[in-house]
Amino acid sequence: MSSSSLLHFPGRLPKAGLLMQARAHLRRGGVIAYSTESCFGLGCLPTDVRAIRRVLAVKARPNHKGLIVIAANIAQIRHLVRPLTAAQWAELASYWPGPYTFLLPASHKVPPALRGRHDKIAVRITAHGEAAALCRALGSALVSTSANRAGQRALKTAAACRKAFGQTVLTLPGCIGKRRKPSTIIDFTTGRVLR
């Protein structure tokens, strides 16, 4: 992909060579660190079970909790969700892009490693320009969990990610957004706010 073909994406993107490296790394089941709304996130392709297990191992996170998936648009998550009505998608669209993660009924394409012990998947259309641009450029939603070992503070810079994870994770340059807290998590079916 040439640099000129990346110019229409909102937010900054890594240089074309690094973007191609990230795409190849993800296709091989790799894990990336990238900027999000409030911190750096660890991510992989959302249907790659091997990569999801790597994310959980890097974080030392229990696999029963499940992970969030972010995307640039609804088309990137539709296959992960059981069919919803047009009215339900319209309601979700009124919150997105934005800091709201919704628990939606998971489709059969969602690996148990991604949803944990739940029958729902946590998804968000991100309002962070760089993360959205990355999803667009990769042509895929991404797993998104804070870049840190479980129980430790979320990392805020690419340098901190490189120091913490070394060669285990491909760290992309970027700047986090201005949010101080992680996204609000809402169960779409019940309306219950979980975080």
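Residues numbered from 1 in each chain as written. Predicted model: local features only at pLDDT ≥ 70, side-chain atom pairs only at ≥ 80, totals over all residues. Heavy atoms only, no water.

Asks: Explain helix α6 (residues 158-165) to me, using residue names and the numbers behind them.
Replies: For an α-helix, the turn length of 3.6 residues means that residues three or four places apart are oriented alike. For α6, the set of buried residues is A158, C161 and F165. Here the buried residues of α6 occupy an arc of 55° about the axis, which is enough to place them on one side. On its buried face, α6 is in contact with β1 (32-35), β2 (40-43), α2 (49-59) and β7 (170-171). (Buried < 20%, exposed > 50% of the residue type's maximum accessible area, 1.4 Å probe, protein only. Helix = DSSP H or I, 4+ residues; strand = E, 2+ residues; numbered from the N terminus. Arc of directions from axis to C-beta. Contact = heavy atoms within 4.5 Å.)

Asks: Got a sec to walk through the side chain of S35? Specific residues and values, please.
Replies: Residue placement: S35 occurs in strand β1. A polar atom in the side chain of S35 sits 2.7 Å from the side chain of E130. With near-sequence residues (within four places) excluded, S35 lies in contact with F40, H128, E130, A131, G174, C175 and I176. (Polar contact = N/O pair within 3.5 Å; in protein donor to acceptor, adjacent residues only side chain to side chain.)

Asks: Give me the nonpolar core: which residues, what numbers.
Replies: Within the largest apolar cluster, 40 residues are counted, with the highest numbers of intra-cluster contacts made by L42, I77, W96, L104 and I121. Looking at this core, the elements that each hand over two or more residues are β2, α2, β3 (68-71), α3 (86-93), β4 (100-105), α4 (112-115), β5 (120-125) and α6. Sequence-distant contacts of I121, defined by excluding residues within four places in its chain, comprise V69, L80, V81, F102, L103, L104, A106, V110 and L114. One finds Y34, L103, A122 and L142 within the second-largest nonpolar core, a separate group that totals 20 residues. (Core = buried A, V, L, I, M, F, W, Y, C linked by side-chain atoms within 4.5 Å.)

Asks: Pulling in residues and values, what's your account of the sheet that holds β2?
Replies: A sheet is described by the order of its strands in space; here eight strands give the open sequence β7-β1-β2-β6-β3-β5-β4-β8, paired in mixed fashion. On the outer flanks of this sheet lie β7 and β8 (184-187), each paired with one strand and no other. Where β1 meets β2, four bridges bridge the pair, whose relative direction is antiparallel. Paired with A33 across the strands is L42, a residue of β2. (Pairing = 2+ DSSP bridges.)

Asks: For the packing of helix α1 (residues 16-27) against helix α5 (residues 129-138), give the residues involved together with the corresponding values.
Replies: Two measures define how a pair of helices packs: the angle their axes make with one another and the distance between the axes. Put simply, α1 and α5 touch, their axes get as near as 11 Å, and they point 70° apart. One element, α1, and the other, α5, form an angle in the roughly perpendicular class. For the pair α1 and α5, the crossing hand works out as right-handed. Between α1, through L19, R23 and L26, and α5, the contact on the second element is made entirely by L134, A137 and L138. Of the residues in the contact of α1 with α5, the class split is five nonpolar, no polar and one charged. (Axes fitted to C-alpha atoms, helices over the stretch in contact; angles between N-to-C directions. Parallel < 35°, antiparallel > 145°, perpendicular 65-115°, else oblique. Left-handed = near helix turned anticlockwise from the far one by under 90°. Nonpolar A, V, L, I, M, F, W, Y, C, P; charged D, E, K, R; others polar.)

Asks: Describe unusual backbone geometry, with residues and values.
Replies: A negative phi angle is the norm for most residues apart from glycine, just as the trans form is the norm for most peptide bonds. Following W96, the chain continues to P97 via a peptide bond in cis, the omega torsion being -10°. Relative to the assigned elements, P97 resides in the loop between α3 and β4. At A60, a position not held by glycine, the phi torsion is positive, near 55°. Topologically, A60 is positioned in the loop between α2 and β3. Residue classification places A60 among the exposed positions, given a relative accessible area of 55%.

Asks: Please give an account of the pattern of salt bridges that cites residues and values.
Replies: Pairing is possible between side chains that carry opposite charge, provided their charged atoms lie close to one another. For the structure on display, the rule yields two salt bridges. We note a salt bridge from E37 to R124, for which the minimum N-O separation is 3.1 Å. One end of the pair, E37, is in the loop between β1 and β2; the other, R124, is in strand β5, with 87 residues separating them in the sequence. Comparing E37 with R124 shows no difference in burial state: the two are buried. D187 is the salt-bridge partner of K120, the closest N and O atoms lying 2.8 Å from each other. Taken as a pair, K120 in strand β5 and D187 in strand β8 lie far apart in primary sequence, 67 residues in all. (Salt bridge = Lys/Arg side-chain N within 4 Å of Asp/Glu carboxyl O.)

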